[in-house]
Amino acid sequence: MASIQLKGVTKVYPGNVRAIDNFNLEIVDKEFVIFVGPSGCGKSTTLRMIAGLEDITDGELFINGKKVNDVPPKDRDIAMVFQNYALYPHMTVFKNMAFALKLRKVPKDVISQKVHEAARILDIERLLDRKPKALSGGERQRVALGRAMVRDPAVFLLDEPLSNLDAKLRTAMRSEISKLHKQLATTFVYVTHDQTEAMTMGDRIVVMKGGVIQQIDTPQNLYDSPCNIFVAGFIGTPQMNFLNAAIEKHSSGYVAKCCGTVFPLPSVPSDTIAEYVGKEVTLGIRPEDLHLEPEYMENPGFGVITADLELSEMMGSEIYLYLNCGGSKLIGRVPSRFGPQADSKMTIGIDCEKLHVFDTVTERRVGSL
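Reading the values: the criteria
Along every chain, residues carry numbers that run from 1 in the direction the sequence is written. With the structure being a predicted model, the display of local features is reserved for residues of pLDDT at least 70 and the display and counting of side-chain atom pairs for 80 or more, all residues being used for whole-chain, interface and lining totals. Side-chain measures here rest on the full set of heavy atoms in the structure, leaving out hydrogens and waters. Two strands qualify as a pair provided that DSSP identifies no fewer than 2 bridges between them. Secondary structure elements are defined from DSSP: runs of H or I of at least 4 residues count as helices, runs of E of at least 2 residues count as strands, and each element is numbered from the N terminus. Any carboxyl oxygen of Asp or Glu within 4 Å of a side-chain nitrogen of Lys or Arg constitutes a salt bridge here. Classification of residues uses two cut-offs on accessible area relative to the type maximum, computed with a 1.4 Å probe and protein chains only: under 20% is buried, over 50% is exposed, and between them is partly exposed. Every axis corresponds to a line fitted to the C-alpha atoms, with the helix fit spanning only the stretch in contact, and the corresponding angles, defined between N-to-C directions, vary from 0 to 180 degrees. Throughout, a residue-residue contact means that at least one pair of heavy atoms, one from each residue, lies within 4.5 Å.

### Digging into the sheet that holds strand E16 (residues 302-314)
The five strands are arranged E15-E19-E16-E17-E18 in an open sheet whose pairing can be described as antiparallel. Of all the strands in the sheet, the pair left with one neighbour each is strand E15 (290-291) and strand E18 (328-335). Pairing geometry for E16 and strand E17 (residues 318-325), over six bridges, is antiparallel. Its bridge partner being in E17, Leu309 is matched across the sheet by Leu323.

Shown next as structure tokens:
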């Protein structure tokens, strides 16, 4: 079993620099949890506090129900994989992987068995006699993972382990780490600034900003129901479009008016949207919810706008359209069958069932559809 609880955990550096503020999270056994957010949001600091590499200023940290605030790292039954791999350059791969076991005075035959088994799982048996300088970035990352695996830890902590790899290798290693998690059936806590990594790997994602948790949820729920403008803009590629809109009440129900168009809001609860009548809100629209097909323009569940196309980017299976609607910028993501678009006026259908409404002042979600 390897559960982790953080209760009101706070980290304050000298000069009253508050890196983490009242962090509360419960990670269950065998879960894959990802901390994601922009640089400086406190995700690595939180991971290092779990590892025991940073002191906790306030709050409590439990691993398997035991309070470990003052327990040294070596006694926490965790293994950490760092961004820069942290391999010993003068040692072979075998010796790098065996080093922690040797310090524990584990018998040589047991060390050999554990190292070879980890190497087999990671497909690096052929590299055991090489030194780190003779390895590629992906191979070094596998060695760093193997060094953690041989210790049979209750918790794996991974701090941006793929950030030094090229794009193709990052994609391959994402799936390898996901498969490794399932194979080892161990708790993983993973830090990244890359929301694509977070969305494709995690059971749950902790979105952070300025040392504060913004939202904890599954990847799909984060995408479908972001709790505020920050989460909505951070999760998704390209990011969500945001437009200033005014809420009005018509005989048919509540609507949002912007870009010279009235967007129906059929699924927004009346008791939550009523107080915004006559006020400005922020309307969120995902790029894939902009459509060019003619049939959408006649659908009563769609709002239709006219926009100037400023740029189109062919991405292979799809095209990104950069649009200007009365000074408001929009990005559309449409199928590549429409072909590259020339500068022109375009008629766009927007799926109103997929609109998100945010309070412009608090930036909290009023209702997402």
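On we go from here.
### Focus: the pattern of salt bridges
Applying the stated criterion across every chain yields a total of 16 salt bridges. One salt bridge in this structure joins Arg126 and Glu139, with 3.8 Å as the shortest N-O distance. Of this pair, Arg126 sits in the loop between helix H3 (108-122) and helix H4 (137-149) while Glu139 sits in helix H4; the two residues are 13 residues apart in sequence, bridging distant segments of the chain. The partner of Glu318 in a salt bridge is Arg333, and the shortest N-O contact between them spans 3.5 Å. Placement of Glu318 in strand E17 and of Arg333 in strand E18 is noted, with a sequence separation of 15 residues between them. Taking relative accessible area as the criterion, Arg333 reaches 22% and is therefore assigned partly exposed. Ionic contacts of the salt-bridge type, sharing partners, join the residues Lys11, Arg48 and Glu54 into one network.

### Considerations on the sheet that holds strand E3 (residues 32-36)
Spatially, the six strands line up as an open sheet ordered E6-E7-E8-E3-E9-E10, and their pairing is mixed. Sheet topology places strand E6 (78-81) and strand E10 (212-217) at the edges, where each strand pairs with a single neighbour. Strand-to-strand twist of the sheet, defined as the mean angle between neighbouring strand axes without regard to direction, takes the value 15 degrees. Looking at chain direction, E6 and strand E7 (residues 155-159) are connected through four bridges and run parallel. When the sheet's bridge partners are listed, Val81 is paired in E7 with Leu158. Running over the sheet, helix H1 (residues 43-51) touches E3, E6, E7, strand E8 (187-192) and strand E9 (204-209) and is turned about 150 degrees from E7. Here H4 sits on the sheet in contact with E6 and E7, set at roughly 170 degrees to E6.

### Side note on the pairing of strand E12 (residues 253-258)
Pairing between strand E11 (residues 241-250) and E12: five bridges, direction antiparallel. Bridge pairing in E12 links Ala246 to Lys257. What sits between E11 and E12 in their antiparallel hairpin is a turn of two residues. Two strands pair when backbone bridges link them, and E12 and strand E13 (residues 261-264) are joined in this way by four bridges, in the antiparallel orientation. Each bridged residue has a counterpart across the sheet, and for Lys257 the counterpart in E13 is Val262. Between the antiparallel neighbours E12 and E13 lie two residues, among them Cys259 with a positive phi of about 55 degrees.

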